[in-house]
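The chain contents come next:
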Amino acid sequence: MSKSLARVAKAIDDIGLEAEILNPGASRTAEDAAKACGCDLDQIAKSLIFQGESGVIYLFLTAGGNRLDGDKAAVVAGETLQRADAGTVRKVTGFAIGGVSPLGHLTAPVIFADPRLKDFQTVYAAAGTPDHVFAVAPGALFMACGAQEADFTA
């Protein structure tokens, strides 16, 4: 088990989250993950990492078919944002792009969640690697990672 996957599994166990880690195969994109999991595209919880001009790191947990609106995201964050580069993502979260989990970060980002995810009983979020996801109830996921629901999609 990779260190990243182990960190996510430990975070799930530590908080008592009812979640199942799955290995559906290559899931680097939301489309790939939906096919691999056999679910609706919007059941995939994408973790998009942005950095504010202040240096604060933000994670926008977004339904797979939705696109982040940069202007709305900046309003929600209260500052100008730019997409975090791969090195920053790895350094802050401990995950490579394509496997960023909403749980188990090295340094916890500020997390905002797309309300669209709550339209489903189960959503699938990256579990620390491009090949692993975890299945979880969206409300439980939002509570577990301290996400605030917000309107930031196009």
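Keep in mind the model is a prediction, meaning the values are calculated, not measured.

J.: Just to check I follow, could you spell out the overall build of the chain for this structure?
T.: Across its full length, the chain holds 5 helices and 8 strands. Walking the chain from its N terminus toward its C terminus, one meets helices and strands in the order α-β-α-β-β-α-β-α-β-β-β-α-β. Per-residue burial for the chain yields a buried fraction of 51% across its 154 residues. When the accessible area of the chain is evaluated, it comes to approximately 7300 Å², of which 49% is carbon and sulfur surface. Of the side-chain charges in the chain, 13 are positive and 18 negative, and the distance between the mean point of each set is 6 Å.

J.: I'm lost on helix α4 (residues 86-93) in this one. Help?
T.: For an α-helix, the turn length of 3.6 residues means that residues three or four places apart are oriented alike. Of all the positions in α4, only T88, V89, V92 and T93 are classed as buried. Taken end-on, α4 shows its buried residues confined to a sector of 100°, consistent with a single buried face. Backbone geometry just after α4 places G94 at a positive phi near 85°.

J.: What is the right way to read the environment of A127 from this model?
T.: When you line up the elements, A127 lands in the loop between β6 (123-126) and β7 (133-136). Among the residues examined, A127 registers a relative accessible area of 0% and is labelled buried. With 33 residues separating them along the chain, A127 and G94 place their C-alpha atoms 12 Å apart.

J.: Looking at this structure, I do not really get the packing of aromatic side chains. What am I missing?
T.: Each pair of aromatic rings is reported with the distance of its centres and the angle of its planes. For the coordinates displayed, the defined rule picks out 5 aromatic pairs. Their ring planes at 85° and their centres at 5.8 Å tell us that F50 and F60 sit as a pair that is edge-to-face. Here the residue F50 occupies a position in strand β2 (residues 44-52), and F60 occupies one in strand β3 (residues 57-63), the gap between them amounting to 10 residues. We note that F50, like F60, is buried. Plain terms: the ring middles of F60 and F152 are 5.0 Å apart, the flat faces sit at 65° to each other, and that makes the pair edge-to-face. One end of the pair, F60, is in strand β3; the other, F152, is in the segment after β8 (148-149), and 92 residues separate them in sequence. Judged by its relative accessible area of 0%, F60 is buried.

J.: Just to check I follow, could you spell out the nonpolar core for this structure?
T.: The tendency in soluble globular proteins is for nonpolar side chains to be buried side by side. One finds I49, L61, L103, L117, F134 and L141 to be the most contacted residues of the largest nonpolar core, which totals 30 residues. Counting residues per element, the ones that place at least two in this core are α1 (3-15), β2, β3, α4, β5 (110-113), β6, β7 and α5 (138-145). Y58, A73, F112 and A150 belong to the second largest nonpolar core, which has 11 residues in total.

J.: So what exactly am I meant to see when it comes to helix α3 (residues 70-77) here?
T.: N-cap assignment for α3: the residue whose side-chain oxygen lies 3.0 Å from the backbone N of D71 is D69. In the segment just after α3, G78 is the residue with positive phi, at about 80°.

J.: Is there a simple way to explain the pattern of salt bridges in this structure?
T.: Summed over the entire model, instances satisfying the criterion amount to 5 salt bridges. Between R116 and D42 there is a salt bridge, with its nearest N and O atoms 2.8 Å apart. Of the two residues, R116 sits in the loop between β5 and β6 while D42 sits in the loop between α2 (30-37) and β2, which places them 74 residues apart along the sequence. Judged by relative accessible area, R116 falls into the partly exposed class, the value being 28%. Counted as one network, the salt bridges with shared partners bring together D42, R116 and D119.

J.: For this particular structure, what's the right way to read the pairing of β7?
T.: The side chains of a regular strand alternate, residue by residue, between the two faces of the sheet. Taking every second residue as pointing to the same face, both faces of β7 are buried, with V133 and A135 on one and F134 and V136 on the other. Inspection of the sheet shows strand β1 (residues 19-22) paired to β7 by 4 bridges, in the antiparallel sense. If you follow L22 over to β7, its bridge partner there is V133. Bridge analysis of β6 against β7 gives 4 bridges, and the strand direction is antiparallel. Residue pairing for β7: A126 is matched across the bridge by V133. The hairpin turn running from β6 into β7, its antiparallel successor, is 6 residues long, and G128 in that turn takes a positive phi close to 100°.

Conventions adopted
Residues numbered from 1 in each chain as written. Predicted model: local features only at pLDDT ≥ 70, side-chain atom pairs only at ≥ 80, totals over all residues. Heavy atoms only, no water. Helix = DSSP H or I, 4+ residues; strand = E, 2+ residues; numbered from the N terminus. Buried < 20%, exposed > 50% of the residue type's maximum accessible area, 1.4 Å probe, protein only. Areas by Shrake-Rupley, 256 points an atom, 1.4 Å probe, with all protein chains shown as cover. Lys, Arg positive; Asp, Glu negative; His and termini not counted. Charge placed at Lys NZ, Arg CZ, Asp CG, Glu CD. Arc of directions from axis to C-beta. Phe/Tyr/Trp six-rings, centres within 6.5 Å; stacked < 30°, edge-to-face > 60°. Core = buried A, V, L, I, M, F, W, Y, C linked by side-chain atoms within 4.5 Å. Polar contact = N/O pair within 3.5 Å; in protein donor to acceptor, adjacent residues only side chain to side chain. Salt bridge = Lys/Arg side-chain N within 4 Å of Asp/Glu carboxyl O. Pairing = 2+ DSSP bridges.

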